Amino acid sequence: MTYDKQGLINMFDWGGLLDINVLLQDAFKVPNLQTGCMEPLISALTDEEEEQFKNMLRRMHTVFQRAKELDIRVMVDAEQTYFQPAISRLTLEMMKKYNTEKAIVFNTYQCYLKEAHRNLVDDLEQANRQDFFFGAKLVRGAYMEQERSRAESLMYADPINENFEATSLMYHKCLNECMYRIKEMMRQGETKRVGIMVASHNEDTIRFAIKMMDELNIKPEDKVICFGQLLGMCDQLSFPLGQAGYSVYKYVPYGPVNEVLPYLSRRAHENKGILVKLNKEK
């Protein structure tokens, strides 16, 4: 068992996930109520799958260690809800290891999910309790149809917000949560404990973020909030933001064509008004 400074007890030592010398089936054990013996919670992994997991950890450590040396931030992307808990847990443990002086590792929060704000608050609280710097990339999300179809076929509650407006409210709620915490930490003299990337092509969300920064006196030069858009999309947002002194990043999908094209199609689906935006960019 592990504990933190507020006395919360975790049944599993999540930090053991990062140890490439520990098998997953050895990291997670629970007591058998009949025999009293500890038994593996995960027993279905083959030797090959255990080795694949170790290889993934080695690659993550290589990337994050180099990023820390070069003072570069790394955004860990989000996937479907049935993968995401594992991704988020690994990312939080990597934050604990590498975010000791500033936010290097960022987790991604998909605001089209009903649980987005609760998950964000839980992770912010963990960072505060366990004393590491926290990084969050806020996105709307890209798997709406897939998530709803799966929920219907397996007969569980739809994890997606009811409509676009509800998703925007969730995004702004998450952004508010982070900004108010940033302001409070600044008031206490703790700068850059939380870093946020506003990854959005939505003009209203960008305006909201700028308005909140102004109201809370969070300045662009504080370098705790940055903006990100896909290269080739929404330059009419990116360029004015950069010219006004805000930190703006244009990101480039890289990989095999058969993997990149579906990614780009999801981004285009997220931005159904992109043809209208193209006229603005012209």
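Since the model is a prediction, treat every value here as computed from it, not as a measurement. Throughout, residues of each chain are indexed from 1 in the direction in which the sequence is written. Only residues with pLDDT of 70 or above have their local features reported here, since the model is predicted, and side-chain atom pairs are shown and tallied only from 80 upward, although totals for entire chains, interfaces and linings are computed over all residues. The side-chain quantities take in all heavy atoms of the structure and omit both hydrogens and water.

A.B. asks: Looking at this model, I keep getting lost on the overall build of the chain. Mind explaining?
C.D. replies: Under the DSSP-based scheme used, a helix requires at least four consecutive residues in state H or I and a strand at least two consecutive residues in state E, with every element numbered from the N terminus. Helix and strand counts for the chain come out as 10 helices and 10 strands. For every residue, the accessible area (1.4 Å probe, protein chains only) is compared with the maximum for its type, and the residue is labelled buried under 20%, exposed over 50%, or partly exposed between those bounds. Looking at the 282 residues of the chain, the share that counts as buried comes to 43%. Should any heavy atoms of two residues lie within 4.5 Å, those residues are counted as being in contact. Expressed as a percentage of contacts within the chain between residues at least 6 apart in sequence, the contacts between residues at least 24 apart total 67%. Under the convention used here, a 1.4 Å probe and the Shrake-Rupley method define accessible areas, while residue burial counts only the protein chains that appear. Summing over all exposed atoms, the chain offers an accessible surface of approximately 16,000 Å²; the carbon and sulfur share of this is 55%.

A.B. asks: Help me understand unusual backbone geometry, please; the structure alone is not making it clear to me.
C.D. replies: In terms of backbone geometry, most residues other than glycine have negative phi values and most peptide bonds are trans. Unusually for a residue other than glycine, Lys-192 sits at a positive phi of about 65°. Structurally, the position occupied by Lys-192 is in the loop between helix H6 (164–187) and strand E8 (194–199). Although it is not a glycine, Asn-217 sits at a positive phi angle of roughly 60°. Given a relative accessible area of 42%, Asn-217 falls into the partly exposed group.

A.B. asks: How should I be thinking about the sheet that holds strand E7 (residues 134–139) in this particular structure?
C.D. replies: By definition, the strands of a sheet pair up through backbone hydrogen bonds, in either a parallel or an antiparallel sense. Read across the open sheet, the six strands follow the order E5-E6-E7-E8-E9-E10; overall the sheet is parallel. Two strands bound the open sheet, and with one partner strand each, they are strand E5 (74–76) and strand E10 (247–251). Mean inter-strand twist for the sheet, computed between neighbouring axes without regard to direction, equals 30°. One bridge is not enough; two strands pair if DSSP finds at least two bridges between them. Pairing geometry for strand E9 (residues 225–230) and E10, over five bridges, is parallel. Among the inter-strand pairings, Gly-228 is bridged to a residue of E10, identified as Tyr-249. Only C-alpha atoms enter the line fits that serve as axes; for helices the fit covers just the stretch in contact. Angles between N-to-C directions range over 0 to 180 degrees.

A.B. asks: How should I be thinking about helix H7 (residues 203–215) in this particular structure?
C.D. replies: Side chains three or four residues apart in an α-helix point the same way, a direct result of the helix having 3.6 residues per turn. With 13 residues, H7 extends 18 Å between its outermost C-alpha atoms, agreeing within 8% with the 18 Å of an ideal straight helix rising 1.5 Å per residue. Where H7 is concerned, the buried positions are Glu-203, Thr-205, Ile-206, Phe-208, Ala-209, Met-212 and Met-213. One or two positions beyond H7, positive phi appears at Asn-217, with a value near 60°. Helix span is expected to be 1.5 Å times the residue number reduced by one.

A.B. asks: Is there a simple way to think about the pattern of salt bridges in this case?
C.D. replies: Side-chain pairs of opposite charge can arise where the charged atoms are in close proximity. Criterion for a salt bridge: a side-chain nitrogen of Lys or Arg within 4 Å of a carboxyl oxygen of Asp or Glu. Within the structure shown, the criterion is met by 18 salt bridges. Salt-bridge contacts for Asp-71 lead to Lys-102; the nearest nitrogen and oxygen are separated by 2.8 Å. Linking Asp-71 in the loop between helix H2 (47–70) and E5 with Lys-102 in the loop between helix H3 (84–98) and strand E6 (105–110), this pair joins segments that are 31 residues apart in sequence. By relative accessible area, which is 32% here, Lys-102 ends up partly exposed. Of the charged contacts, one joins Lys-250 and Asp-235 as a salt bridge, the two residues approaching to 2.8 Å between their closest N and O atoms. On the criterion of sequence distance, the pair formed by Lys-250 in strand E10 and Asp-235 in helix H8 (residues 235–243) is long-range, its members being 15 residues apart. Lys-250 gets classed as partly exposed once you look at its relative accessible area, which sits at 26%.

A.B. asks: Is there a simple way to think about the packing of aromatic side chains in this case?
C.D. replies: To describe a pair of aromatic rings, one takes the distance between the centres and the angle between the planes. Only rings of Phe, Tyr and Trp enter the pairing, Trp through its six-membered ring, and a pair is recorded when the two centres are within 6.5 Å. The plane angle decides the type: under 30 degrees is stacked, over 60 is edge-to-face, the rest tilted. Counted under the stated rule, the structure contains four aromatic pairs. A centroid spacing of 6.2 Å and a plane angle of 40° characterise the contact between Tyr-109 and Phe-134, whose relative ring orientation is tilted. Residue Tyr-109 is found in strand E6, and its partner Phe-134 is found in strand E7; the two are separated by 25 residues along the sequence. Whether a charge sits over a ring comes down to the Lys NZ or Arg CZ being within 6 Å of the ring centre and within 35 degrees of the ring normal. The ring of Tyr-82 has Arg-150 lying over it, and the distance from NZ or CZ to the ring centre is 4.0 Å. Taking the ring centre of Phe-133 as reference, the NZ or CZ of Arg-193 above it sits at 4.1 Å.

A.B. asks: Is there a simple way to think about the pairing of E6 in this case?
C.D. replies: Look at any regular strand and the pattern is simple: side chains alternate between the two faces of the sheet. Among the six residues of E6, six are classified as buried, and the element is accordingly described as predominantly covered. Side chains Val-105, Asn-107 and Tyr-109 of E6 all project onto a buried face; the interleaved residues Phe-106, Thr-108 and Gln-110 project onto the opposite face, where all are buried too. Here E5 runs beside E6; their pairing, made up of three bridges, is parallel. The residue of E6 that forms the bridge with Val-76 is Asn-107. Orient the strands so they point away from the viewer, and a crossover whose first-strand-to-second-strand path over the helix runs clockwise is right-handed. Taken together, E5, H3 and E6 form a β-α-β motif whose crossover is right-handed. Inspection of the sheet shows E6 paired to E7 by four bridges, in the parallel sense. Paired with Tyr-109 across the strands is Leu-138, a residue of E7. Following the chain from E6 across helix H4 (residues 116–130) to the adjacent parallel E7, one finds a crossover that is right-handed.

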